[in-house]
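Residue-level structural notes
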Amino acid sequence: MFSLERWQEVFQTIGKNKLRTILTMISVITGIFILVVLLGVGEGMKNGIKSTFQDDAENEISVYDGVTTVEYKGLNPGRKIQFKNEDFEQISRTHASDIDKKSSMYRIWSGLISYKDESGSYRIEGVLPDYEFIEKVSLISGRFLNQQDQKATEKYMAIGKKVKDDLFGDNKALGKMVEVSGINFKVIGVYTDPGGEREESRVYIPLSTSQKVFGGGQNIRQMNFTIPKRDNYDEALAESNRIVSKIERDLKSIHKVAPSDASGIRVRSTIEETKRFYDLTSVISLFFWSVGVATLFAGIIGVSNIMLIIVKERTKEIGIRKALGAKPFSIIGMVLHESIFVTTIAGFIGLILGLILLENLGPLIDTEFIKNPEVNLNIAVTTLGLLVIAGALAGFFPARKAAKIKPIVALRDE
Amino acid sequence: MIDIKDLHKSYQVGKNKLHVLKGINFHVEEGELVAIMGSSGSGKSTLLNILGILDEADEGSYHLDGTEIKNLTEKTAARYRNKFLGFIFQSFNLINYKSALDNVALPLFYQGMSGKERTARANDYLERVGLSDWATHLPNELSGGQKQRVAIARAMASHPKVLLADELTGALDSQTSYEIMDLIQKINDEGKTILVVTHEPDIAQMTKRIVNLKDGIIIDDKKIEQQKALANV
Ligand SMILES: Nc1ncnc2c1ncn2[C@@H]1O[C@H](COP(=O)(O)OP(=O)(O)O)[C@@H](O)[C@H]1O
Ligand SMILES: [Mg+2]
């Protein structure tokens, strides 16, 4: 069917009927182009949302102490609850099998850090080594705090990229000594955080060091845990809720806080945030997919219409060919060969134009909302395939009809 | 070569049946040059189209060179048209985006002939109708007479048994008409069987036999003394 002769015939027809060919191609090119760009932007929005939502581990449980508001077992409301190291250790021990990463924290909201002539106020957090994974920081140089640093109460510090830029500029920070309230800390790591600048203007030191240096004693400000990942969201949610209520119950009983007291001890889970993230992204996906599919449909209808017009326009020619001895199958083949060839080429052009646009415009529109607009090539190629098949089908029925009409009728067509 | 018996054909026009051919009996020997005459609407084209397997009769039998033409599939009909018949139309029916050469070569394409052979044979036939120099031209760059010559070359190229021409001079001035008829006479002199439909008596006089159609039957069928077209040029 796709012999060399047929190809020559197709090229001749295309070459001699440029307007028709161009119209078909424009319809296909725009269809695919819009689809690719839409899918790309949709993906970009998803990425944008992902990065604003996922600055911390998505299955994290945080525990804070506070002030009681409910009278309980003879204790007046307004009592300040203070977590100690032993609270953290106990919770870690009793829930060991449910917990993946764990860290407690002692915090100085704002500490003056200086290096040579530069200085600035930053949040100083004393944490355990697992905090690296809980906060999802990634080290761009050096390392994070480890167990050894904690044990030896080392005056080590991992600083955020913003802090590094402020204090060191383009100079190397690693191994340098910075000063906090007259005490020297050695920079052992510089990190970035998907949470952006806000979370990169913090510094981390060992929990033990922070308690000692800033007079915290055994006090801690909060505890953070992650729970192991689950395959599906519902399972993760159920698991998280179970652990949250267990931890809350245990701590409230230790500290004699009423079970109904919502502010004496607070246990939060990020999984609900994550749920919102999943919901939002699926809404966005749905939206872009529906628009994309609608565009594709428009494209298919466009191609179908053009094919109908082409076949109609060629009725007389088909009559002539039949009078000269063209078999019905050869007429259908001729129309299909041309339409498949033209839609495929046009589809590729649309695909490539769309990809070029995303590739070049993508980095420029890197706002909070759209990040890395990209398109799944598989999806794009599948779409293209669909369009070609649709074009072929759209050509097939009128072509078959034309191939069936009596030559004498076709010849009468003007 | 052509043998038809008791041929009937009606068209459905709205609710009514229009009986166009009412029992045609007709026989053509190999090498004849026949004119089918009659006033407009007498059914000349209808008859020619049935002979050309472009249309089907309702009743009666049709044999073309011994082969019965009846209930053909579209595929077989296509093969017979290609192999047995060459068509020449009043409105030329050339494919407008193909050069003269490609138009002539088209029936050969449907015969499955290779490109090289096709070009050679098409060139040969263009030369025989005197259009060698116009091979690469598109139909709209040709005069009416030239277009009809291309159409004749195309009809001849597939070596058909019979040439069928429907008002082939209908769109041409008389001077050009005679030139075309001269070509037809020459082709006939070489032995080709040719049927021409015409309502112009002078054209009919240039054939060897005139069949007169009226109200769907043959009222008159006689051999005549052929007038040479060249004499009028
Ligand atoms: N497809 C058709 N449907 C209905 N009527 C037709 C059709 N083709 C031809 N006719 C009618 O049949 C009659 C014969 O037509 P035709 O064979 O073309 O005549 P001629 O060629 O002698 O002028 C005319 O009255 C014409 O209107
Ligand atoms: Mg007629």
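Residues numbered from 1 in each chain as written. Chains lettered and ligands numbered in written order. Predicted model: local features only at pLDDT ≥ 70, side-chain atom pairs only at ≥ 80, totals over all residues. Heavy atoms only, no water.

What about the site of ligand 1?
In the vicinity of ligand 1, 13 residues are found, and the nearest of them are B:G41, B:G43, B:K44, B:S45 and B:T46. Surrounding ligand 1 is a set of residues that belongs to chains A and B. B:G43 has a polar backbone atom sitting 3.1 Å from an oxygen atom of ligand 1. B:K44 places a polar main-chain atom, nitrogen or oxygen, 2.9 Å from an oxygen atom of ligand 1. Notes on ligand 1: free accessible area 560 Å², of which the protein chains cover 67%. Put simply, the parts of the chain that give the shell around ligand 1 at least two residues each are β1 (2-13), β2 (16-28) and α1 (44-51) of chain B. Considering each element in turn, the shell around ligand 1 owes the most residues, three residues, to α1(B). Broken down by class, the residue content of the shell around ligand 1 amounts to four nonpolar, seven polar and two charged. (Near = heavy atom within 4 Å. Polar contact = N/O pair within 3.5 Å; in protein donor to acceptor, adjacent residues only side chain to side chain. Areas by Shrake-Rupley, 256 points an atom, 1.4 Å probe, with all protein chains shown as cover. Helix = DSSP H or I, 4+ residues; strand = E, 2+ residues; numbered from the N terminus. Nonpolar A, V, L, I, M, F, W, Y, C, P; charged D, E, K, R; others polar.)

What to know about the confidence of the model for chain B
Per-residue confidence for chain B gives a mean pLDDT of 93; residues scoring 70 or more make up 100%. Confidence estimates for the predicted assembly give a pTM of 0.69 and an ipTM of 0.93. (pLDDT = per-residue confidence, 0-100.)

Brief notes about the environment of B:D202
All names here are of chain B. Structurally, the position occupied by D202 is in helix α7 (residues 201-204). Residue class for D202 comes out partly exposed when judged on its relative accessible area of 32%. For D202 and A229, which are 27 residues apart along the polypeptide, the C-alpha to C-alpha distance reads 9.4 Å. Within the structure, the side chain of D202 is placed 2.7 Å from the side chain of Y178, a separation counted as a polar contact. (Buried < 20%, exposed > 50% of the residue type's maximum accessible area, 1.4 Å probe, protein only.)

Quick word on the packing of aromatic side chains
All names here are of chain A. What the rule picks out here adds up to 13 aromatic pairs over all chains. For the ring pair F88 and F225, a centre distance of 5.9 Å and an interplane angle of 10° mean the geometry is stacked. Highlighted residues: F88 in helix α3 (residues 85-94) and F225 in strand β11 (residues 222-226), separated in sequence by 137 residues. Judged by relative accessible area, which is 7%, F88 ranks as buried. (Phe/Tyr/Trp six-rings, centres within 6.5 Å; stacked < 30°, edge-to-face > 60°.)

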